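The residues making up each chain are set out below.
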2 protein chains.
Amino acid sequence: MDFDNTSPTDLASLGEFGLIKHLAQHFDIKHSSTVKGVGDDAAVIDNGNLQTLVSTDLLLEGVHFDLSYVPLKHLGYKAVVVNLSDIYAMNGTPRQIVVSLGLSNRFSLEAIEELYQGMLLACNKYNVDLVGGDTSSSRSGLIINITVIGAAEKEELVYRSGAKEGDLLCVSGDLGGAYMGLQVLEREKAVFKENPKLQPDLEGKDYILERQLKPEARKDVIEQFKALGIRPTAMIDVSDGLASEILHICEQSGVGVDLYEEKIPLDSLTYDTAREFNLDPTVCALSGGEDYELLFTIPLEDYNKIKNLPDFSVIGHLTPSSKGYQLIAKAGTVHPLKAQGWNHLGS
Amino acid sequence: MDFDNTSPTDLASLGEFGLIKHLAQHFDIKHSSTVKGVGDDAAVIDNGNLQTLVSTDLLLEGVHFDLSYVPLKHLGYKAVVVNLSDIYAMNGTPRQIVVSLGLSNRFSLEAIEELYQGMLLACNKYNVDLVGGDTSSSRSGLIINITVIGAAEKEELVYRSGAKEGDLLCVSGDLGGAYMGLQVLEREKAVFKENPKLQPDLEGKDYILERQLKPEARKDVIEQFKALGIRPTAMIDVSDGLASEILHICEQSGVGVDLYEEKIPLDSLTYDTAREFNLDPTVCALSGGEDYELLFTIPLEDYNKIKNLPDFSVIGHLTPSSKGYQLIAKAGTVHPLKAQGWNHLGS
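Caption draft 1: Seen up close, the relation of the copies chain B and chain A. Once turned by 180 degrees and shifted 0.0 Å along the axis, chain B lies on chain A with an RMSD of 0.0 Å. Here the copies are linked by what is in effect a two-fold axis. Here 100% of the interface residues in chain B have copies in chain A that are interface residues too; the copies meet face to matching face.

Pasting the structure below:
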């Protein structure tokens, strides 16, 4: 690496993806068993018949979660689920997790048991073994790192890089709900701070609160692919927001995209709550993140296999890379698709 | 898990090992591919021919390292090495790592590059691929979590639980050096705090400083085992101190031990520095930790294979479990061997 005497570079200027890419470029791959390193939802290791998939996630109190409104049991559940989602996004099956915890002394054993009870629920639901870990005292807040190990047959694996011009862009479930759930929780926290006697008003918001507090990974979607005889050409899970994930697939596959605003699936509660907050529902879906739906591409000839399934939405199609990344708004106007935020109709 | 209304349990009363054991007991193993879960240096996953080994370690600023005297490059190197050591302790070969980083905004890109440069050095030296990771902003200090993936043939694997009565207890290298290196660094830090104009006095302490700041994992020992046709009956790496590691092997193997104080290998600089600090050199070896040597047991008939190798010391032998855990002091007196600290000769 180069070390010069110019002023230090600000990390924020690179962003998370830039940083990982920048740091990883100096590491050569030495093992022929290392099929895929940095740059997809999971690393891929060849073991002969089966490929081993590995993914890791670090969750920090005050950055990724706020214990003032997230119950520990839900946090444990979510911490496992978001990791499993990365393995499903490779069309693989998660099998084992290892968990590292940093605990400050404000946590009792009972509190940590509650966290683990949530992890246990997720492990049981998704048929995953907890096989190891590390615990440590922490001088700041709660720290959770989970690494998940999965498996897939070589010919089943789906990378971000396999999308082809003409493929359909599809997504499971609906988007933006987790983000709107977070907005409601943050609003009620602010109200509570002002007046601790007021009870939080969460009525009627169940669906979006659950999307935020207890998300699910789309194991069922992977199973449906098998049943339908579909192998997506590219796939990624929606953790950072639809726009950012679409761009990952397009950049790594070397294609452009036409995304149709009217096709983006939104739950009516997500839509109404966004309006209540004076937010554009489409922007919430494009930039909200944490939905853990699967975004994938399939060849046009597979359209008939999914067209009648209500849980899948075709939201666009892939174009030559020269056509770039385009959002076609409901009004028919065309806008450039950007990773963070999107200035809806110029307003 | 049970939740009752009695007062919360203090985490410290359980200790790290107690906590992991306590939490993991509620998780059943669901996959037949999960050969070994919590409780050894690494988890073991069956992949047909090869077994996959997985281990993870969380390192926190202010708890595991002090950036006021640990250079970032050394920290990166050590963070990788301590993880690899867990795989060697299973008689396996580490192949891949994934790295999660939590970074506060006081770190520049150049600082993080330095950290990665150390990781790169370790990856190159030990022939390991960095295949993925996660970075996050941190509101407190630097957080490093590394998960290592290794491989071993089924019949090569060595667990903590295989030691037999009559086996010899052996250790590679020498012990207590890393702990004495830490004492020197802490002393010089205290001196510097008192008077920032004083230069740190580290002269002649190179060996123990290197043991603390840039430890090595004993890849060479595993290679020697292969060359000598030795497969230890049990093995563990010395991360928490000799006494604690011996007890892990004895408890998991269901045997007792006679450990001979005079046989514990100490470097002369470790010995002299311990004396300089008015510390008992044996206690430093028993409780110091961070030496990353390999502690292992072999059948008596393998003694001839190692007796002339200066890098291996036979330090005791395994007894029936009814005889308990004993330390035979230089004076011939017998003391109970305990995990933390050891009150040398009653003084």
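Caption draft 2: Molecular detail of the domain arrangement of chain A. Residues and elements named next belong to chain A. Taken domain by domain, chain A holds domain 1 (15–23 + 33–153) and domain 2 (160–346). If you look at the interface, domain 1 gives 17 residues, while domain 2 gives 20 residues. For the side of domain 1 that touches domain 2, the element with the most residues is helix 2 (residues 72–88), which contributes 9 residues.

Caption draft 3: Here's a closer look at the interface of chain B and chain A. Across the boundary between the two partners, chain B contributes 70 residues, which contact 70 residues of chain A. Broken down by secondary-structure element, the contributors of at least two residues to the side of chain B that touches chain A are helix 1 (15–24), strand 2 (43–46), strand 3 (50–60), strand 4 (93–103), helix 3 (109–126), strand 5 (129–137) and strand 6 (143–153) of chain B. In terms of residue count, the dominant contributor to the side of chain B that touches chain A is strand 5 of chain B (9 residues).

Caption draft 4: Seen up close, the environment of D40 of chain B. Following the sequence through the fold, D40 of chain B ends up in the loop between strand 1 (34–36) and strand 2. Once you skip the residues sitting within four places of it in the chain, D40 of chain B turns out to touch M90, Y159 and R160 of chain B.

Caption draft 5: Geometry of the pairing of strand 5 (residues 129–137) of chain A. All names here are of chain A. Most of strand 5 sits out of view: 7 of its 9 residues are buried. By the bridge criterion, 8 bridges tie strand 4 (residues 93–103) to strand 5 in an arrangement that is parallel. Residue pairing across strands places G102 opposite S136, the latter belonging to strand 5. The handedness of the strand 4 to strand 5 crossover, carried by helix 3 (residues 109–126), is right-handed.

Caption draft 6: Structural detail: the environment of L115 of chain A. All names here are of chain A. With respect to the helices, strands and loops of the structure, L115 is situated in helix 3. For L115, a count of 24 C-beta atoms within 10 Å corresponds to the buried category. Separated by 148 residues in sequence, L115 and K263 have C-alpha atoms that sit 38 Å apart. With sequence-adjacent residues up to four places away left out, L115 is seen in contact with L72, K73, L75 and G76.

Caption draft 7: Focus on the environment of D57 of chain A. As for its position among the elements, D57 of chain A is in strand 3 (residues 50–60). Between the C-alpha atoms of D57 of chain A and L72 of chain A, which are 15 residues apart in sequence, the distance is 17 Å.

Caption draft 8: Up close: helix 6 (residues 219–228) of chain A. All names here are of chain A. Where helix 6 is concerned, the buried positions are V221, I222 and F225. Angular distribution of buried residues about the axis of helix 6 spans 100 degrees; they occupy a single face of the element. Exposed residues pointing more than 90 degrees away from the buried face of helix 6 are listed as E223, K226 and A227. Buried residues belonging to helix 6 abut helix 2, strand 7 (168–172) and strand 10 (294–298). Remark: G229 follows helix 6 within two positions and exhibits a positive phi of approximately 70 degrees.

What counts, and where the lines are drawn
Residues numbered from 1 in each chain as written. Chains lettered and ligands numbered in written order. Predicted model: local features only at pLDDT ≥ 70, side-chain atom pairs only at ≥ 80, totals over all residues. Least-squares fit on C-alpha atoms with pLDDT ≥ 70 in both. Contact = placed C-beta atoms within 7 Å. Domains from an automatic or database assignment. Helix = DSSP H or I, 4+ residues; strand = E, 2+ residues; numbered from the N terminus. Buried ≥ 20, exposed ≤ 12 C-beta atoms within 10 Å, placed from the backbone. Pairing = 2+ DSSP bridges. Right-handed = clockwise from strand over helix to strand, strands pointing away. Arc of directions from axis to C-beta.

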